[in-house]
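An overview of the molecular structure
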Amino acid sequence: SCKMLSEGRESTSNSYMNTRLSLKRFLGDKDIPLSDINHNMIENYSEWLKETGVADSTRSFYLRTLRSGINYAVKEGLAESTKDLFCNVNTKVRFDSIDNASAYLSRETILKIARLDLSDSAKLDLARDMFMFGFYCRGMELTDIINLRTENLRDNELTYRRRGIGKEITLRLDPQAMAILEKYESRRLDFLFPLKSSTLMKRDKALKYQVMTWLDAVGKKVDLGSLMFNMNISTWN
């Protein structure tokens with residue numbers, strides 16, 4: 001995933017990181033060597049996704065992403081042939097897409113996330129606030145939020161350059177978005193959200209994965225099979 005980020009392939013990197021989070025839940029928060037991945041494990045993972053209420057399109061997305069990752073490992077000489085690993089396992093969905101329906105959150109779920117009492121975990125509280133801030137900003141990618149600097153904000157007007165396309169966006173923030181920023185005003189330095197890092201590059205890599213992990217834990221508290229950051233965008237749209 002870090003290599004994908006360094007090459008500017010953030011969409012693919014996000015797919016790998018989201019699938020890794022799902023696999024870790026399936027494996028009881030453990031990592032296993034590539035040599036231990038076999039057809040039986042793939043089938044069990046597919047059934048586990050179904051039993052835990054993951055939508056068919058999302059389940060296929062995870063499996064297709066896993067297959068792509070394993071194929072990449074084979075290409076790099078990190079694993080042996082994956083022939084027959086995915087035999088009879090449904091992967092009928094495009095690698096780079098999830099159904100909008102499976103990524104869409106209801107109004108009730110959004111309210112549950114916004115109202116969660118996360119005072120016992122500063123990390124989960126921060127991840128939830130960043131997710132909700134993205135939603136209040138008409139949908140915003142995690143990388144853009146992580147890299148928002150204090151100079152991007154003037155009174156209640158936010159101006160930033162969208163990652164990838166470089167388009168400049170200017171938004172007048174509503175009271176909910178401003179309340180989130182004001183919550184962290186005393187803790188921030190150069191960036192609007194207080195994520196510690198020594199370099200901007202580290203913010204784009206290690207911190208991105210950390211926030212996604214924390215957000216996934218937030219999702220569990222509202223009984224979601226998976227809560228991914230891009231859902232703030234699809235739900236707003």
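Residues numbered from 1 in each chain as written. Predicted model: local features only at pLDDT ≥ 70, side-chain atom pairs only at ≥ 80, totals over all residues. Heavy atoms only, no water.

**Focus on the side chain of Thr 19**
Going by this rule: Secondary structure counts use DSSP, requiring at least four H or I residues in a row for a helix and at least two E residues in a row for a strand, with both numbered from the N terminus. Contacts between residues were defined by any pair of non-hydrogen atoms, one from each residue, lying within 4.5 Å.
Relative to the helices and strands, Thr 19 resides in helix 2 (residues 10–26). With sequence-adjacent residues up to four places away left out, Thr 19 is seen in contact with Tyr 45, Phe 61, Tyr 62, Thr 65 and Leu 66.

**What to know about the sheet that holds strand 1 (residues 153–154)**
Note the threshold: Any two strands between which DSSP finds at least two bridges are classified as paired.
Taken in spatial order, the three strands of this open sheet run 1-2-3, and their pairing is antiparallel. Every other strand in the sheet has two partners, leaving strand 1 and strand 3 (168–172) as the edge strands with one partner each. As paired elements, strand 2 (residues 157–161) and strand 3 share five bridges and run antiparallel to each other. Within the sheet, the bridge partner assigned to Arg 161 lies in strand 3 and is Glu 168.

**A look at the nonpolar core**
The test is simple: By convention a nonpolar core is built from buried Ala, Val, Leu, Ile, Met, Phe, Trp, Tyr and Cys residues, the set being connected through side-chain atoms within 4.5 Å. Categorising residues by exposure relies on relative accessible area from a 1.4 Å probe, with only protein chains included: less than 20% of the type maximum marks a residue as buried, more than 50% marks it as exposed, and the intermediate range marks it as partly exposed.
Counting residues in each nonpolar core, the largest one holds 62 residues, and the members touching the most others are Met 130, Phe 131, Phe 133, Leu 158, Leu 173 and Phe 193. With nine residues, the top contributor of residues to this core is helix 7 (residues 122–136). When neighbours within four sequence positions are excluded, Leu 173 is seen to be in contact with Phe 133, Cys 137, Leu 153, Asn 156, Leu 158, Met 178 and Leu 181.

**A look at unusual backbone geometry**
Although it is not a glycine, Asp 155 sits at a positive phi angle of roughly 55°. Note on placement: Asp 155 falls in the loop between strand 1 and strand 2. The backbone phi angle of Asp 223 is positive, close to 65°, even though this residue is not glycine. Examined against the element boundaries, Asp 223 turns out to sit in the loop between helix 11 (206–221) and helix 12 (231–236).

**Examining the packing of helix 7 against helix 9 (residues 175–183)**
To keep things clear, this is the line we draw: Note on geometry: axes are lines fitted to C-alpha atoms, helical ones only across the stretch in contact, with angles between N-to-C directions running from 0 to 180 degrees. Two helices crossing with the near one rotated counterclockwise from the far one by less than a right angle form a left-handed crossing, whereas a clockwise rotation gives a right-handed crossing. Gly is put with the polar residues, along with every residue not named as nonpolar or charged; the nonpolar set is Ala, Val, Leu, Ile, Met, Phe, Trp, Tyr, Cys and Pro, and the charged set is Asp, Glu, Lys and Arg.
Between helix 7 and helix 9, the shortest axis-to-axis distance is 9 Å and the interhelical angle comes to 150°. Handedness of the crossing formed by helix 7 with helix 9: left-handed. Two secondary-structure elements touch here, helix 7 through Asp 125, Arg 128, Asp 129, Met 132, Phe 133 and Tyr 136 and helix 9 through Gln 176, Ala 177, Ile 180, Leu 181 and Lys 183. A breakdown of the residues in the contact of helix 7 with helix 9 according to their chemical character gives six nonpolar, one polar and four charged.

**Description of the confidence of the model for the protein**
Note the following rule: Residue-level confidence of the predictor, termed pLDDT, takes values from 0 up to 100.
Residues of the protein with pLDDT of at least 70 account for 78%, and the chain-wide mean is 78. Across the protein, element-level confidence peaks in helix 7 with a mean pLDDT of 95 and bottoms out in helix 1 (residues 2–6) with 39. Confidence drops under a pLDDT of 50 for residues 1–11, and excluding neighbours within four residues, the segment shows 21 contacts in the predicted structure. Within the model, pLDDT remains below 50 along residues 93–102, and this stretch shows 19 contacts once partners closer than five positions in the same chain are excluded.

**A look at the environment of Val 89**
Along the chain, the position of Val 89 falls in the loop between helix 4 (56–75) and helix 5 (100–103). Ignoring anything within four residues of it in the chain, the contact list for Val 89 reads His 39, Ile 42, Glu 43, Ser 46 and Leu 63.

**As for the packing of aromatic side chains**
Our working rule: Centre distance within 6.5 Å is the pairing criterion for rings of Phe, Tyr and Trp, where only the six-membered ring of Trp is used; planes under 30 degrees apart are then read as stacked, over 60 as edge-to-face, and the remainder as tilted.
Across all of its chains, the model carries seven aromatic pairs by this definition. Measuring from centroid to centroid gives 5.6 Å for Phe 26 and Trp 48, while their planes differ by 55°, and the two rings are tilted. Of this pair, Phe 26 sits in helix 2 while Trp 48 sits in helix 3 (residues 39–51); the two residues are 22 residues apart in sequence, bridging distant segments of the chain. On the numbers, 5.9 Å between centres and 55° between planes, the contact of Tyr 184 with Phe 193 is tilted. By the burial criterion, Tyr 184 is buried, and Phe 193 matches it. By way of ring pairs, the aromatic residues Phe 26, Tyr 45 and Trp 48 are connected into one cluster.

**Some points on helix 7**
We apply this condition: Helices are assigned an expected span. That span is 1.5 Å times one less than the residue count.
Relative to the 21 Å expected for 15 residues at 1.5 Å per residue, helix 7 spans 21 Å between its end C-alpha atoms, a close match to the ideal helical length. Across the 15 residues that make up helix 7, a large majority, 13, are buried. Residue Arg 138 follows helix 7 closely and has a positive phi angle near 70°.

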